[in-house]
Each structure stands twice: as structure tokens, then as C-alpha cells.
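Results of the structural survey
What follows is the residue order along each chain.
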Amino acid sequence: MTNTHILVHTFDYLEPTSLEETISLLAEYGDRARVLAGGTDLVVQMKMERLAPRYLVSLRHVPGLAGISVDEVGVRIGARTSIRAIRRDPRVQALYPALAEACASFSTTQVQVMGTVGGNLCNGSPASDTAPPLIAFDAEVVIAGPDGERRLPLESFFLGPGKTALQPGELLTAVVLPRPRPNTGSVFYKVSRVAADLAKVNGAIVVIRDGDRVADARLVFGSVAPTPFRARKAEAVLVGQVLSDDLVAEAARVASEEVSPIDDVRSTAWYRREIVRVLTIDGLNEAWRRAGEWKGSEEAGRQEARSGEQGAGSKEQGKRVAADGRCEITLKVNGETHRLWVAPNELLLNVLRERLHLTGSKYGCGIGECGACTVMIDGKLALSCLVLAVAADGSEILTVEGLAEPDGQLDPLQEAFIEHGAFQCGFCTPGMLITAKGLLKEVPKPTEQDVRDYLKGNLCRCTGYASIVRAVLDCAAK
Ligand code: FES
Ligand code: FES
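I will try to describe carefully the structure that is included in this document. (Residues numbered from 1 in each chain as written. Chains lettered and ligands numbered in written order. Predicted model: local features only at pLDDT ≥ 70, side-chain atom pairs only at ≥ 80, totals over all residues. Heavy atoms only, no water.)

What follows covers the packing of helix α15 (residues 412-419) against helix α18 (residues 465-477). Contact geometry of α15 with α18 gives a least axis separation of 8 Å together with a crossing angle of 135 degrees. Taken together, the axes of α15 and α18 are oblique relative to one another. In this structure, α15 meets α18 at a crossing whose hand is right-handed. Across from Pro 412, Leu 413, Ala 416, Phe 417 and Glu 419 in α15, the residues of α18 making contact are Ile 468, Ala 471, Val 472, Asp 474 and Cys 475. (Axes fitted to C-alpha atoms, helices over the stretch in contact; angles between N-to-C directions. Helix = DSSP H or I, 4+ residues; strand = E, 2+ residues; numbered from the N terminus. Parallel < 35°, antiparallel > 145°, perpendicular 65-115°, else oblique. Left-handed = near helix turned anticlockwise from the far one by under 90°. Contact = heavy atoms within 4.5 Å.)

Structural data, given as C-alpha cells:
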């Protein structure tokens, strides 16, 4: 049995400051190196002892890999752009609604903030949430390598479960999408056991309308084949035809027959086929309706400024590294600066709890599933059980201990939790408070649905959710 409290294996932690340096490190170390971006999958795999890379190559200080830019040709999304940034980008919402919806349904809020689109694609998972809409919009991936840059359709990037077309020494740097044609409608649906789980089946449907006829269609499903699957036979049923209930039903029947799902822990093959049939019917009708209300270009035209999320600037100087491999880092925690020597495999949660004695942040699952360890790093939510302390060097960190004023005056959220009795044993409360703080920063006047969606990654074993939601709403109202 693995111990997810710590990272057993150690490694060399490398922080290149340019794309060229990154490629050169990846080319030199080949299979012994892994790229670290958001870490939400890689660190979990390492904690579960499924992966033990000798070198971790962090993209933290490589410029130009994060951010969304739009021009008349289409959209370019840097590989290190977070899922959350894509979800919230108004230009993505206007031009590629299915992609924004896929990002909204992606795991938990914390994982959306930490996880990146490049990481999600490079996992090569057939259940990827971002792959179906990106393939449906004819996305290409941009890959940098020792021999320069190459592009290929995203659909060909996936070779099998966990396998992609990336060669040793190559790095996925961006995803580019052509601008949709006028009268395009799109939608993303996902069926999963619980909100934050991987999909039993997900699907993106894109249709282009020409009056009553289907000018073009893309139907792409996840978790129904070894790679994200484009249902070309069903598309062929639709293209050039006048849309009708019978046509939609026939396309849905064909789609459910051409996928090749398996039975596994999340679902059965039979049920997956049935979901594909139903998703196709619902998705085609909704995408068709949206295509009739097309205003993508006009909406996106109002938002030509670049996305707020940019790549980190390059680092000014390297870390000090001791003979035993430990690195010297600086953390500003709740306003207080700490200089520490940490091993590359030390996790931020352990440093906070065991070295700085800030035990408010809790160790729950250790693999990013409960939210008990949530802190803010440079103003963004982060699961400290999945963050290497060395990768937080130079950051400002807020833990639950930093919520109250220095004079002891509690934060309004803390007051609201007390007023509404929003805790029982209190184990989940620090993570709930920090996550709710993130919510009110992002959405100052949330609806109940906003609160429930934002907090879906914070589990309460005492199941006091109703009072927690009431406390957050009350605090926002005040
Ligand atoms: S302990 Fe970090 S998410 Fe559960
Ligand atoms: S109050 Fe006990 S875990 Fe939430």
C-alpha cells in the first residue's frame, strides 16, 4: 500500500528559463525526465509510486507557454494555460462554447486552477475532457523539439491510453483552433458518477447550419475507445441533410454502434453506448439551436485583448543547491518570510505543517481529491498536497491561519461559518474557508449553484454542506 503523505522517490528538480533550455534538457534525459506543469496528475502518479522519474523539468519559468490570444485566424492557447483560465475567457465562451463547458465540468475548482490544457492532453487519457471539444473544433497541437517546431491535428496526437505522438525531447507548446465558421453551434456533455469524477462518457458536438441543412458536423466522444473518438459514420449521416427528429435519431443510433467502449470500474460498455446515443440526440438538438443564434464573432470581437493569464517571467537567478541535493527556498506565508532548505521531493503541505507548524491545512487524501489541504499561492487556489515546496519558491502563501487580522479579528467568512454552525468536527473547515475565499474573490456575488460548484472539490465527512453553503452566501450578501 502506498503512503500518499510523502513522495518516496527523490529526483533532480530542474527549472529551465527558456524553451530552448527545456528542449535541450528533455532531449538529454529522454525517458528519465518528466515535464512538471500543474502537477495534478504527475505528482499523484509519483505519490502512488506508478512513476519515478529521475528528473523533473518544471515549466514554471519558461516564458510564452501560458495565455490565450485571438486573431482573425483563430485562437492560440498556450500549453501551460490553466483549465480555469480557458473556462473563464469570454472569447472562448463566445467562439467555442463546448470547450468552455468542458473546462467547467473538469474535476474540481482547485484542479481547474492548477491543471493545464497541455497536461490534460499529454496524459493521453481517453477520458480527457478537453480533447473532444478541441478535436471537434479541428484543433492542432504545436510541438517544439530538437529539430524545430511541428504541428499535427490533435486527433492524431492520441495513439492509445497514455500514449501520444510526442517524441523524446519534444514539448507540447500550444493548441491552435481555427475560427469557427458563421452559424456554428457547439455543446459539451459529460456523464460521470459524481461531479468531479472522470467521465463515464463525455462528448462534444459541433454543427454548422445552412438554413435547415447541416452544412457540417463533428461528433467526438471520450471514454468510449482507446483514444478520444470521432464518430465519422454518424457525421456522414448528418452532413448535407435537412435536420429532423428522424435524422437525429439515426445519427445517434449510428454513433452508438461505431464506438467501442469497455466495461470498467466507472461503467459498462452497454451503458456507455446508451449514453452516446442519448448525448447525440440532446447534443445535436442543443448545438443546432445555438447555431441558429450564432453571434460568436461579434462577441469575441469585443474581447481582443490578450487573456489575463500569462506565462511566468524568467527567473533572475538559480536556486542555491546543497551537496545533498536540497534547495534553498523563500516562502512568504501569511505575510511572514521564511528561508528554508528543502529536498526536491518535499511537499508544500508537509513544509507548512511540520516545518512551519501551521497545522490548519489538513492532510486528508494526499492525492488531490478532498480539498482539506487547500491554500492560496500567489492569490490562486492550490492543493498543497500536490505542490512541491521547491516549486513554490518565491511565492506568497495564504493558509487558514492568515485569514484573521493580526489583532485577532476574524475574517467575515469565519464569522459566517460560526454564525451558521457550518462545521462539526472542523477537519474540512480550513480548506472550505480558503476555497470560499477564492470564490468570493472571483465571483463576489455568487448564486447557490456557484457556491456548490466552486466547493465541489472540498469534501466534508460530517456532511454539513447545507450550512456551509448558507454561510458563504450570507457572507457574500453582507
Ligand atoms: S489532502 Fe490534498 S486534496 Fe486531499
Ligand atoms: S465538519 Fe467534519 S469534515 Fe467537515
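Continuing now.
All of the buried residues along helix α5 (residues 97-104) are Ala 98, Leu 99, Ala 100, Ala 102 and Cys 103. At its buried positions, α5 is contacted by β5 (74-78), α3 (83-88), α4 (90-95), α6 (109-114), α8 (131-136) and β11 (184-192). (Buried < 20%, exposed > 50% of the residue type's maximum accessible area, 1.4 Å probe, protein only.)

Of note, Asn 334 is a non-glycine position whose phi angle comes to about 50 degrees, a positive value. Within the element layout of this structure, Asn 334 appears in the loop between β15 (327-333) and β16 (336-342). For His 357, which is not glycine, the phi dihedral falls at a positive 60 degrees. Turning to its location among the elements, His 357 is positioned in the loop between α14 (348-355) and β17 (374-377). A relative accessible area of 60% means that His 357 is categorised as exposed.

As for its position among the elements, Thr 184 is in strand β11. A polar atom in the side chain of Thr 184 sits 2.6 Å from the backbone oxygen of Arg 181. Not counting residues within four places of it along the chain, the set of residues in contact with Thr 184 comprises Phe 137, Val 206, Val 207, Ile 208, Arg 290, Ala 291 and Trp 294. (Polar contact = N/O pair within 3.5 Å; in protein donor to acceptor, adjacent residues only side chain to side chain.)

Sheet topology note: the β15/β16 ladder contains seven bridges and is antiparallel. Considered in β16, the bridge of Val 333 is made with Glu 336. Hairpin connection of β15 to β16: two residues between the antiparallel strands, including Asn 334 at a positive phi of 50 degrees. (Pairing = 2+ DSSP bridges.)

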